Amino acid sequence: MFYLQTSPTLYRILIAFHLIGAAVWIGGHLVLATTILPRALRNRDPSIILDFEQGFERIGLPSLLLQVVTGLLLAYRWLPEISAWLRLDSNVSIYVVVKLALLAATLGLALNAKFRVIPNINRDNMHVLASHIVLVTVMSIGFLLAGVAIRTGGLF
């Protein structure tokens with residue numbers, strides 16, 4: 001089986017790119033959830049959210065993709081046997097599974113929003129999109145906490 005040998009320099013580069021992607025993803029969702037969403041709900045105007053999302057997608061989606069690629073490479077570096085990711089017999093495997101579950105949930109919400117919620121959004125059902133936004137924001141913070149736990153041996 002192929003083993004990803006990374007030098008300390010390459011490891012630092014992977015971490016740096018992973019953190020850059022996380023900063024954009026988490027920061028964008030915090031801005032959306034704490035400033036854009038309340039204004040849109042107050043004005044009952046979904047176009048405020050849609051305008052932000054349209055601009056954010058240009059940098060947000062590539063940052064998420066960057067996190068996925070670097071995250072998989074980092075997980076493979078920590079646990080080179082992919083089956084070990086799912087064993088839940090170490091802190092690293094537990095947090096890798098947490099991150100994979102958060103990724104699956106994030107992708108599920110994103111697809112639901114893109115194909116079901118946003119095409120039918122109006123001033124009367126904005127709460128559905130609002131719940132998606134809040135959930136993705138909370139999950140993005142969960143990604144961050146799981147990453148911290150991997151690098152520090154746990155959160156507590």
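Residues numbered from 1 in each chain as written. Predicted model: local features only at pLDDT ≥ 70, side-chain atom pairs only at ≥ 80, totals over all residues. Heavy atoms only, no water.

Participant: Sorry if this is basic, but what is going on with the environment of Ser83 here?
Facilitator: Among the structural elements, Ser83 can be located in the loop between α2 (46-78) and α3 (91-117). Each C-alpha atom of the pair Ser83 and Ser93 lies 9.7 Å from the other, and the pair is 10 residues apart in sequence. At 2.8 Å, the side chain of Ser83 forms a polar contact with the side chain of Glu81. Side chain to side chain, Ser83 and Arg87 meet in a polar contact 3.2 Å long. (Helix = DSSP H or I, 4+ residues; strand = E, 2+ residues; numbered from the N terminus. Polar contact = N/O pair within 3.5 Å; in protein donor to acceptor, adjacent residues only side chain to side chain.)

Participant: I would appreciate a short explanation of the packing of helix α1 (residues 8-43) against α2 in the present structure.
Facilitator: Relative placement of two packed helices is described by the angle separating their axes and the distance separating the axes. Interaxial distance between α1 and α2 falls to 8 Å at its minimum, and their mutual angle equals 150°. The angle between the axes of α1 and α2 places the two elements in the roughly antiparallel class. Considering the relative orientation of α1 and α2, their crossing is left-handed. Looking at the contact of α1 with α2, its residues break down into 22 nonpolar, 10 polar and 3 charged. (Axes fitted to C-alpha atoms, helices over the stretch in contact; angles between N-to-C directions. Parallel < 35°, antiparallel > 145°, perpendicular 65-115°, else oblique. Left-handed = near helix turned anticlockwise from the far one by under 90°. Nonpolar A, V, L, I, M, F, W, Y, C, P; charged D, E, K, R; others polar.)

Participant: I keep staring at the packing of α1 against helix α4 (residues 126-152) and nothing clicks. Help me out?
Facilitator: Where α1 contacts α4, the axes come no closer than 10 Å and their chain directions differ by 150°. Comparing their axes, α4 and α1 come out roughly antiparallel. Remark: the crossing between α1 and α4 carries left-handed chirality. When α1 is examined against α4, the residues Ile15, His18, Trp25, Ile26, His29, Leu30, Leu32, Ala33, Leu37, Ala40 and Leu41 are found in contact with a partner set consisting of Met126, Ala130, Ile133, Val134, Val136, Thr137, Ser140, Ile141, Leu144 and Arg151. Taken together, the residues of the contact of α1 with α4 sort by class into 16 nonpolar, 4 polar and 1 charged. (Contact = heavy atoms within 4.5 Å.)

Participant: For this particular structure, what's the right way to read α3?
Facilitator: Each α-helix turn comprises 3.6 residues. Residues three or four places apart therefore point the same way. The end-to-end C-alpha distance of α3 is 36 Å, a good match for the 39 Å that 27 residues give at a rise of 1.5 Å each. Taken as a whole, α3 has its buried residues at Ser93, Tyr95, Val96, Lys99, Leu102, Leu103, Thr106, Leu109, Ala113 and Val117. In the core, the buried residues of α3 are packed alongside α1, α2 and α4. (Expected span 1.5 Å × (residues − 1). Buried < 20%, exposed > 50% of the residue type's maximum accessible area, 1.4 Å probe, protein only.)

By themselves, these observations are geometric and do not establish any function.
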